[in-house]
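Listed below are the residues making up each chain.
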Amino acid sequence: MRAAMFFALGAVLVCNLAWTEAATTGTLTTSNGQILDANGNVVVLKGFALSGFEISLTMSGDLSEGTDSIAHDWDTIMYRAKMMGFNAVRIEWSVDGLATAPKEFTTANCDIATTADIQASMLPPTTADTPQPTGTPTLPQQPPTTGTTGNVCSSDLPNTSTQDRYVYLVHYLCGQGFYVNMVYHSYAMAYGGDKAVLNETGWVQDWVSLMTQVLESDVCQDHLIVDLMNEPDAYGATWTDGGTLPKDIATYYLDAMDALYSLCPGCLFQIQGCGQITAPIYANYGDGYCTDSSLLGSSSSNPTAFFTTLLNKAYLNQVVIAPHVYGPSVTDAVSTSSGSALYARLSESFGYLNKKGFCAGSSCHIFTVVMGEFNVNFGQTADVAFWTSLVQYLNNVGDAADGLHNAISSFYMWAWDANADDTHHSGGLVASDWETLNWQKLGALIGNNTEFTYGLHLTPWYLPGYALPTGSNSTNSTSKKTAKSGAREAAAGVGLSLMLLVGIVMMLTQ
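Calculation rules
- Residue indices follow the written sequence of each chain, beginning from 1 at its first position.
- With the structure being a predicted model, the display of local features is reserved for residues of pLDDT at least 70 and the display and counting of side-chain atom pairs for 80 or more, all residues being used for whole-chain, interface and lining totals.
- As a rule here, side-chain values cover all heavy atoms of the structure and leave hydrogens and water aside.
- In this description, a disulfide is simply a cysteine sulfur pair whose atoms lie within 2.5 Å.
- Any two rings among Phe, Tyr and Trp, with Trp reduced to its six-membered ring, count as a pair given centres within 6.5 Å; such a pair is stacked if its planes are under 30 degrees apart, edge-to-face if over 60, and tilted if neither.
- We count a stretch as a helix when DSSP gives it H or I for four or more residues in a row; a strand needs E for two or more, and each element gets its number in order from the N terminus.
- When accessible area is computed with a 1.4 Å probe and restricted to protein chains, residues below 20% of their type maximum are described as buried, those above 50% as exposed, and intermediate ones as partly exposed.
- Patch membership is restricted to residues that have no salt bridge and whose relative accessible area is over 30%. Joining uses 9 Å for like charges and 5 Å for the nonpolar side chains Val, Leu, Ile, Met, Phe, Trp and Tyr.
- With residues, only the protein chains shown are counted as cover, and all accessible areas are computed by Shrake-Rupley using a 1.4 Å probe.
- Only one rule defines a salt bridge in this text: a Lys or Arg side-chain nitrogen within 4 Å of an Asp or Glu carboxyl oxygen.

Draft legend 1. Broad picture of the state of the cysteines. The final tally for this structure, using the stated rule, is four disulfides. Each bonded cysteine in the protein gets a number by its place in the sequence, and the pairs come out as 1-2, 3-4, 5-6, 7-8.

Draft legend 2. Inspection of the packing of aromatic side chains at higher detail. Tallied over the entire structure, the rule returns 27 aromatic pairs. Aromatic pair tryptophan 239 and phenylalanine 307: ring centres 6.3 Å apart, planes at 40 degrees, arrangement tilted. In this pair, tryptophan 239 is assigned in the loop between strand S7 (224-227) and helix H8 (249-263) and phenylalanine 307 in helix H10 (residues 304-310), connecting sequence segments 68 residues apart. Of the two residues, tryptophan 239 and phenylalanine 307, both sit in the buried class.

Draft legend 3. Inspection of unusual backbone geometry at higher detail. Of note, the amide linkage connecting alanine 279 to proline 280 takes the cis form, showing an omega dihedral of 10 degrees. Within the secondary structure, proline 280 sits in the loop between strand S8 (268-271) and helix H9 (293-296). Here the amide bond leading from tryptophan 414 into alanine 415 is cis, since omega sits at 0 degrees, within 30 degrees of zero. Following the sequence through the fold, alanine 415 ends up in the loop between strand S14 (411-413) and helix H14 (439-446). Positioned with a positive phi, tryptophan 434 is a non-glycine residue whose angle comes to about 65 degrees. Within the secondary structure, tryptophan 434 is located in the loop between S14 and H14.

Draft legend 4. Up close: a nonpolar patch on the surface. A contiguous nonpolar surface patch, about 350 Å² in accessible area, is contributed by Ile55, Tyr187 and Tyr191. Relative to the helices and strands, tyrosine 187 is located in the loop between strand S6 (179-184) and helix H7 (200-214). Judged by relative accessible area, which is 35%, tyrosine 187 ranks as partly exposed.

Structure follows, in structure tokens:
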């Protein structure tokens, strides 16, 4: 009898532990320089950036351009992005931006575009230098209706607070099958930057609070990426000194990951470089990971100590290197922007990390590298040369195959909207009307055309090989059980097991 009771006790505990394990499965991770999903499949990010929540706009774009729902309706805008082959979105925020009272972006008397109009807007003109569709292609998914009510566009956007709206968009994008990269982005203090970043402990807690709200729904399971801080160089920060920040960037990164990993062990953490914008590396803002002291010389911005600490962290396999790389139109760095000079610069900064990796003693780790941000101004000859060289480097072909790095397949282009780059006028993936697709840029990403032999393997809906991101037209396409309810169920499961345990022990002692 007692043996049977002990067997029952063991079965209860094993079942409960198995349930808890099942409740927490489902993660993104990395291995040998690649991103893997929960099933071990390789994930390649084809992404773009959305700006607006890092400033006082309170939305990703002002949704006031154009003439119909193709430009005014958030759901339709993201549908077109998905049809064009993108599966990842970089969506920025700051504490000040999320604290700003939400502006109204619902558009009344909106001209609702027909399915035929939307489809036509996503086909290249016959004059475009990009692969053309064969025959009459069929949309793999119909346009959404969740954002339009009658003749009102973006009717689903919440107005309770800007942070609620941001979280809603994160959930919506995850429900559409996008991988969502949440990016903390502020400006230099001299330009009115977000002062919350000046309190390192408070900044970590701001991340924790936002992530806690995002995780109240499990719709983003397997789809969340955290880019901890955009371009720390804006604060004069280095790996060993904070500049205008109270602590060095390594401390910011490690403290944030320590706190967030316990909340989201399946999230990826993207790390931007810094502190190496001068000779000999000449990195861009957001780049700078060189650990070779023979190259750095007397430079104190060496991330060796950061990487050494990282080797012993439980979240090591969650860390992704995400440099920003721009051409001369943004950086004015012409001498290292193309050809062998560019290749050397990139391999010295981050290319080695996905080939040789970083080693400390007998411990080594090969990092996954994602092109965290880039853009190109095709109206400038030097930028065209930069782009041609960069794409060869990312594909690891031609004279860019230096033996020092592996191919880098994942990327985020800055940005979807042309309005996001008023300073350098590099343009977005859509024109300033938010309707007309920029076919030169899309052609550059697609490749296999007269101007650009090599692209970055973007595959739109009308070409063979297109893969529809998993999801549907609604955030309700996944389980509505929230993280909080899941935790309550787990607690209930533990409580039941303890009750059974107490009962069995009482019977055994009688």
